Amino acid sequence: MSPKKVLEKKASSTNDNLNQDMNVAALVSRRAREVLSVIFAVRFANSLCVRTFFQPDEYFQVLEPAWQLVYGENSGAWLTWVRRYRITCSLRIGSRWKALLIARQEWRHALRSSIHPTVFAFGYFIVDSFWTSHNVPTIKAKWLLMAPKVLQAAFAALSDWYTWKLAEKLYGPRSAAAWSVLVMALINPWQWYTATRTFSNCFETMLTAMALYYWPWELLGTESAQKSESGDSPVLLNSPKQVNSFRLSLLLATFAVLLRPTNVFIWVAVCTLMLTRFTLSGSSPLDGRVLFILFREALICGPIALGISLACDRQYFGEWKFPPFSWLYFNVTKDLAKFYGQNDWHYYLSQGIPLLCTTITPFVLQGLIKSLDAESAFSVTASNTLKTLSFIIFTTISTLSLVSHKEIRFIQPLLPALHILAAPYATSFFTTLPVSGVTACPAPALGWKRKPLLAAILLVNIVIGGYLSWFHAAAPIQVMSFLRGEFERVHPEYLKFARASLNATAPLEDGINQPQELFALFLTPCHATPWRSHLIYPALSARALTCEPPLDTDPNSLQRTEYQDETRRFYADPVGFLAKDIWPRAAPGEHMARYIVGFEGIETPLRMYFDSDGPGARHQIQPREVWSAWNGLFTDDERKSGRLVVWETGFYND
């Protein structure tokens, strides 16, 4: 064969290989998009199924500030920890930019980053922009309720998708272990209960999963494993694609830390093992060139993310603020976290992980233990990565256990790591594949075993997730729908919206006001229901008991010990609180509510107040129950036990 034909044959063979590689890449990309579409469909259905109340931070840390960003100070949004907050909204709607800026300055403590509320404000803005004033406001209200759900469903889907992609990196594409990670994420009842809620922890989990996926885990490999085919050229961070992936990971990790400062423990753990290689196998592949790139990119990407965050907070608060510092000051130095509850040191071990992982907890524990000796089943890089994920979990839980105030959602960003660690052992337990075979690519035909136990586990997950998402504490959500519907019925002329103007000299929108009445009075523990994100209409005036922490007191001081917020004072003496704080006789006018909302435990003192012999006899009111709903089988607060009830005062004539 002539040299020319040999060259032509080689060129043809090379082109065929390139075409084959391109076809494979296209198939992989299409498969990934299809998986993401399925995950989003599942999470969107998940968001529609969640109709219960879990914790107030879901609404008050994000949706209320987001609502005020779009609709202004007089929209009735409830911003917590403000200096002079009026729960009843003003008579004029459509505040100017200057008034909005003042409200942000009053939220002066700046414990939370403005980035998270801004994301959901964008969702409100989109709905408001595409819904002109001549459209039916009641339908617009339903879309405003849906906007946060759709956004959070997308964030939850990205969290699951990137967790699956990270598992494919470690266990191999299309491996049984990688698919198990995805299945566990989708059927985890805690995920079903919380993933589509607008908690900052859920947003943090998404950022963490993305950052972990883009992190260059080959840095944890060994020197011998990082050589190219020629054997003399290192391949670590040797291409623009690898460097850009590392940059993206740094940016995402920095934003996660700025959003939730405790996220820093995850990245401290990763960097510690990468540099010290404590417990890791093999010799380090890091050389001077790689270390230079790592530090260079950290010095570039960190300040970029920090600058973006500072600029956003400067725009939001009206002055330079650094929320992570404020968060540390109030929660650590001022020790105000205790005001919201204290837990035992072992809370995350005895309750946190079991509730977070539920039925896969045994496999999580097995994965944590087996990760210490994973070289026998996985490659060096994969086994070292598993050790690092275990170290992340150990470091984060150990550190957070030192803080007196604990909540399960604080360790929710660990879920991607927990699922990845558990996957090989759960797969091997329920299939005929050994642990060493769960990384085969593509996954071989599976033989199932222990089918009754697997069916029981799936049933338990469905029951737990279904009850918590559909029935448990559903009353606080249902009552907002009732009140909103009553307002639409009684005051159809007051359903207009007015977005806050960006022009300080722009006139207020004419023709928008509110009825001269307090539509709803909430005599429940503070933040026991959502607020403007579910009441929607700015003209729907409402008042609720507050529970602002004692910001101006010192830890362990007498003033803090004796401090009583409105909620505690009301439940200590309901009749006296109503007489002195809600409807004081000396007040120039009494702002009587059309509806009173409370749990059934307050019915007796409420009727005692309005009784003919009570201090509220002058009102000549006999509250009449018009709505009630069951609030679940159990509660973490006895004040919320029983039914949630709405009483009509009859004070106003329709």
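About the criteria used
Residues numbered from 1 in each chain as written. Predicted model: local features only at pLDDT ≥ 70, side-chain atom pairs only at ≥ 80, totals over all residues. Heavy atoms only, no water. Helix = DSSP H or I, 4+ residues; strand = E, 2+ residues; numbered from the N terminus. Polar contact = N/O pair within 3.5 Å; in protein donor to acceptor, adjacent residues only side chain to side chain. Contact = heavy atoms within 4.5 Å. Expected span 1.5 Å × (residues − 1). Buried < 20%, exposed > 50% of the residue type's maximum accessible area, 1.4 Å probe, protein only. Arc of directions from axis to C-beta. Phe/Tyr/Trp six-rings, centres within 6.5 Å; stacked < 30°, edge-to-face > 60°. Core = buried A, V, L, I, M, F, W, Y, C linked by side-chain atoms within 4.5 Å.

A closer look at the side chain of glutamate 168
You can see glutamate 168 is positioned in helix α6 (residues 137-171). Polar contacts involving the side chain of glutamate 168 include one to the main-chain amide nitrogen of arginine 174, which spans 3.2 Å. Discounting residues that sit within four places of it in the chain, glutamate 168 has contacts with Arg31, Pro173, Arg174 and Ala178.

Some points on helix α11 (residues 264-276)
With 13 residues, α11 extends 18 Å between its outermost C-alpha atoms, agreeing within 8% with the 18 Å of an ideal straight helix rising 1.5 Å per residue. Within the sequence span of α11, burial applies to Ile266, Trp267, Ala269, Val270, Leu273 and Met274. One face of α11 carries all of its buried residues, which in axial projection span an arc of 155°. Check the buried side of α11 and you find it contacts α9 (200-214), α10 (240-259), α12 (288-317) and α16 (380-400).

Observations concerning the packing of aromatic side chains
Aromatic rings considered in pairs are described by the distance between their centres and by the relative angle of their planes. In total, this model carries 38 aromatic pairs according to the counting rule given. Measuring from ring centre to ring centre gives 5.7 Å for phenylalanine 54 and tryptophan 190, while their planes differ by 90°; the resulting arrangement is edge-to-face. Residue phenylalanine 54 is found in the loop between α1 (3-49) and α2 (57-60), and its partner tryptophan 190 is found in helix α8 (residues 189-194); the two are separated by 136 residues along the sequence. Here phenylalanine 54 falls in the partly exposed class, since its relative accessible area comes to 22%. A relative accessible area of 8% places tryptophan 190 in the buried class. Relative to tyrosine 595, the ring of phenylalanine 519 has its centre 5.4 Å away and its plane inclined at 65°; by these criteria the two rings are edge-to-face.

Details of the nonpolar core
Core analysis: the biggest nonpolar cluster contains 137 residues, and Tyr171, Leu386, Leu389, Ile420, Leu483 and Phe522 have the highest contact counts within it. No other element matches the 13 residues that α6 contributes to this core. In this structure leucine 389 touches Leu170, Trp217, Ala417, Ile420 and Leu421, once residues within four positions along its chain are discounted. Counting 20 residues, the second largest nonpolar core, distinct from the first, contains Leu523, Ile582, Ile596 and Ile602.

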